[in-house]
Amino acid sequence: MMAKAGDRIVIEVEGPHGYRREGLITVVGRIDGHPPYQVRWLDNDHTTLIFPGPTARIEPTP
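Undergrad: I would appreciate a short explanation of the overall build of the chain in the present structure.
TA: Broken down by element type, the chain carries 0 helices and 5 strands. Ordered by position from N to C terminus, the α and β elements of the chain give β-β-β-β-β. Dimensions of the chain, computed from C-alpha atoms along their principal axes, come out at roughly 40 × 25 × 25 Å. By the burial criterion, 27% of the 62 residues in the chain qualify as buried.

The following block contains the structure:
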């Protein structure tokens, strides 16, 4: 997974306890675009450092 600051990250978990979460990547931890990513979550405006799992996808900025 590769991203750049300004890209959006979407995490979707299916099933009975599923959820969808969206955030804005504000800092990329490695120069080659690989995680960790600092993400500002759009639902609560909190910022966290994450290593995305298999349910995550990157939506690049145009």
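Undergrad: Whenever I open this one, the packing of aromatic side chains confuses me. Can you help?
TA: For any pair of aromatic rings, the description consists of the separation of the ring centres together with the inter-plane angle of the planes. Enumeration over the complete set of coordinates arrives at 0 aromatic pairs. The cationic tip of R21 hangs over the ring face of W41; the distance from NZ or CZ to the ring centre is 4.3 Å.

Undergrad: Got a minute to help me understand the pairing of strand β3 (residues 37–41) in this structure?
TA: In the case of a regular strand, side chains alternate between the two sheet surfaces. Side chains of β3 alternate between two faces, with Y37, V39 and W41 buried and Q38 and R40 left unburied. Pairing analysis gives 5 bridges linking strand β2 (residues 19–28) to β3, with the strands arranged antiparallel. Bridge pairing in β3 places L24 opposite R40. From the end of β3 to the start of strand β4 (residues 47–50), which pair antiparallel, there are 5 residues, and D45 there has a positive phi angle of about 65°.

Undergrad: Teacher, can you tell me more about the environment of V10 here?
TA: Summarising the element assignment, V10 is placed in strand β1 (residues 8–13). Among the residues examined, V10 registers a relative accessible area of 0% and is labelled buried. As a C-alpha pair, V10 and Q38 span 28 residues in sequence and 13 Å in three-dimensional space.

Rules used in this analysis
- Residues numbered from 1 in each chain as written.
- Predicted model: local features only at pLDDT ≥ 70, side-chain atom pairs only at ≥ 80, totals over all residues.
- Heavy atoms only, no water.
- Helix = DSSP H or I, 4+ residues; strand = E, 2+ residues; numbered from the N terminus.
- Buried < 20%, exposed > 50% of the residue type's maximum accessible area, 1.4 Å probe, protein only.
- Phe/Tyr/Trp six-rings, centres within 6.5 Å; stacked < 30°, edge-to-face > 60°.
- Lys NZ or Arg CZ within 6 Å of the ring centre and 35° of its normal.
- Pairing = 2+ DSSP bridges.

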